[in-house]
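# Structural description and commentary
For reference, the chains in residue letters:
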Amino acid sequence: MAKRRPPTVHGLLVIDKPAGMTSHDVVGHVRRRLDERRVGHAGTLDPDATGVLLVGVGSVTRLMRFMTEQPKQYTCDVVFGVETSTLDDSGEVTATYEMSVSLDDARRVAAEHLTGEILQVPPMVSALRVGGRRLHELAREGIEVERQARPVTVYGLQLHATDDPLVLRMEATCSSGTYVRTLAADLGRLLGGGAHLRDLRRTAIGDFTELEAQGIDEAPLLQPAQALRFMTHVVVDGEGIESVRTGRPLPAFDGSPPWAVVDGTGSLLAVYEPFRDGLAKPAVVLIGAFDQ
């Protein structure tokens, strides 16, 4: 069996995913565009959703977990009076309700029940694995399984009126693992009926926003250190570089962890995290990984 060649292209793409493509489709397109097999993304977007998708290339794929953990921002329309099988407008209608929605009532319910640290039951149309299979695979077979509620954090939930009295515009800032379609469905239920969402768009992951996101063929390749621009960057040299190279702990750094460790030229060497007794240990060592 031929040995896979080491990656030769490294960096981060901030892509504005178009509707009609899966996140996996975007990864495949980037592989062909850059002729690089090692490509991954942070935070799946549904095929119908648009917006910010972070795509790591080469050894930057080892950093994607740090980006996935960043808060995310979304916008969508919440359509009241209709529930669907997918909780969005791509599914089949499963129930309808006679509803009258007050913006003040919706805002009050959102603040009392859907903001802060909450428990959320993942939808069947999600990539979460249960018993070794993804929920959306089971859903396509008509199988529904019990899902455990999971803690998520909704940092902010804003609602705005539209021209349609049964449609509100929603802006959500939430932790990784939050399902916005479930927020919309729960809001409908809490207001005495049902709801689904449409036009879901992710506007930001951390400080990577739609303002810099570009198309899959236009997005520039950011340097590896820029992929971790949201972290405190710590410069080391000499003995410090050798400690990083061998994976040894270092004295804990100032600023919030984890820390991006760079050399004097700004090249990313490693990511360090807190250890015992005032020390920091390497979570990922990348020294030399970008020299291919």
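For the structure itself, look to the data block above.
One structure accompanies this document, and this report is about it. As the structure is a prediction and not an experimental result, all values here were calculated from the model.

Moving on, we come to the overall build of the chain. Regarding its fold elements, the chain presents seven helices and 18 strands. For the C-alpha atoms alone, the extent of the chain along its principal axes is close to 70 × 45 × 40 Å. By residue count, 46% of the 292 residues in the chain fall in the buried class. When contacts within the chain are restricted to residue pairs at least 6 apart in sequence, those whose partners lie at least 24 apart make up 66%. Carbon and sulfur atoms form 48% of the exposed surface of the chain, whose accessible area is close to 14600 Å². Charged side chains in the chain number 31 positive and 39 negative. The centres of these two groups are separated by 8 Å.

Before going further, it helps to examine the sheet that holds strand β18 (residues 279-285). Taken in spatial order, the five strands make up an open sheet running β14-β16-β17-β18-β15, and their pairing is mixed. Strand pairing shows two members of the sheet lacking a second neighbour, β14 (232-235) and β15 (250-251), which therefore form its edges.

In this section: the pattern of salt bridges. Applying the stated rule across the entire model yields twelve salt bridges. Here arginine 229 makes a salt bridge to glutamate 212, at a shortest N to O gap of 2.3 Å. Here arginine 229 is found in the loop between α6 (224-227) and β14, whereas its partner glutamate 212 is found in the loop between β13 (208-209) and α6, with 17 residues between them in sequence. Accessibility expressed as a relative area gives 31% for arginine 229, which makes it partly exposed. Of the residues examined, glutamate 212 reaches a relative accessible area of 28% and is grouped as partly exposed.

Burial along strand β16 (residues 259-262) is two-sided: the residues Trp259 and Val261 and Ala260 and Val262 are all buried. Pairing analysis gives four bridges linking β14 to β16, with the strands arranged parallel. Bridge pairing in β16 links valine 235 to valine 262. Here β16 runs beside strand β17 (residues 268-274); their pairing, made up of four bridges, is antiparallel. Considered in β17, the bridge of valine 261 is made with alanine 270.

Ranked by size, the top nonpolar core spans 28 residues in total, and within it Phe80, Leu157, Met170 and Leu183 carry the most contacts. Counting 25 residues, the second-largest nonpolar core is a separate cluster that includes Val14, Leu54, Leu268 and Val271.

What follows covers the packing of aromatic side chains. Evaluation of the coordinates by the stated rule reveals three aromatic pairs. Seen from their ring centres, phenylalanine 253 and tyrosine 272 are 6.2 Å apart, and the 75 degrees between their planes marks the pair as edge-to-face. Highlighted residues: phenylalanine 253 in the loop between β15 and β16 and tyrosine 272 in strand β17, separated in sequence by 19 residues. An aromatic cluster is defined as three or more aromatic residues linked by ring pairs; in this entry it consists of Phe253, Trp259 and Tyr272.

Before going further, it helps to examine helix α5 (residues 180-190). Burial runs high along α5: nine of the eleven residues are buried. For α5, the full list of buried residues reads Val180, Arg181, Thr182, Leu183, Ala184, Ala185, Asp186, Leu187 and Gly188. In the core, the buried residues of α5 are packed alongside β4 (72-80), α3 (103-113), β7 (116-120), β10 (150-161), β11 (167-174) and β12 (195-205). Just downstream of α5 lies glycine 192, where phi reads positive at about 90 degrees.

Looking at α3, one finds that the buried residues are Ala106, Val109 and Ala110. Looking down the long axis of α3, one finds its buried residues gathered within 100 degrees of arc, a one-sided arrangement. Facing away from the buried surface of α3 by more than 90 degrees, the exposed residues are Asp104, Ala111 and Glu112. One side-chain oxygen of the residue at the start of α3 lies 3.3 Å from the amide nitrogen of aspartate 104, identifying that residue as serine 102.

As for its placement among the helices and strands, aspartate 88 is situated in the loop between β5 (82-84) and β6 (93-96). In this structure the side chain of aspartate 88 is engaged in a polar contact, spanning 2.6 Å, whose partner is the side chain of serine 90. Setting aside its immediate chain neighbours within four residues, aspartate 88 contacts Arg181, His196 and Leu197.

Conventions and cut-offs
- Residues numbered from 1 in each chain as written.
- Predicted model: local features only at pLDDT ≥ 70, side-chain atom pairs only at ≥ 80, totals over all residues.
- Heavy atoms only, no water.
- Helix = DSSP H or I, 4+ residues; strand = E, 2+ residues; numbered from the N terminus.
- Buried < 20%, exposed > 50% of the residue type's maximum accessible area, 1.4 Å probe, protein only.
- Contact = heavy atoms within 4.5 Å.
- Areas by Shrake-Rupley, 256 points an atom, 1.4 Å probe, with all protein chains shown as cover.
- Lys, Arg positive; Asp, Glu negative; His and termini not counted.
- Charge placed at Lys NZ, Arg CZ, Asp CG, Glu CD.
- Pairing = 2+ DSSP bridges.
- Salt bridge = Lys/Arg side-chain N within 4 Å of Asp/Glu carboxyl O.
- Core = buried A, V, L, I, M, F, W, Y, C linked by side-chain atoms within 4.5 Å.
- Phe/Tyr/Trp six-rings, centres within 6.5 Å; stacked < 30°, edge-to-face > 60°.
- Arc of directions from axis to C-beta.
- Polar contact = N/O pair within 3.5 Å; in protein donor to acceptor, adjacent residues only side chain to side chain.

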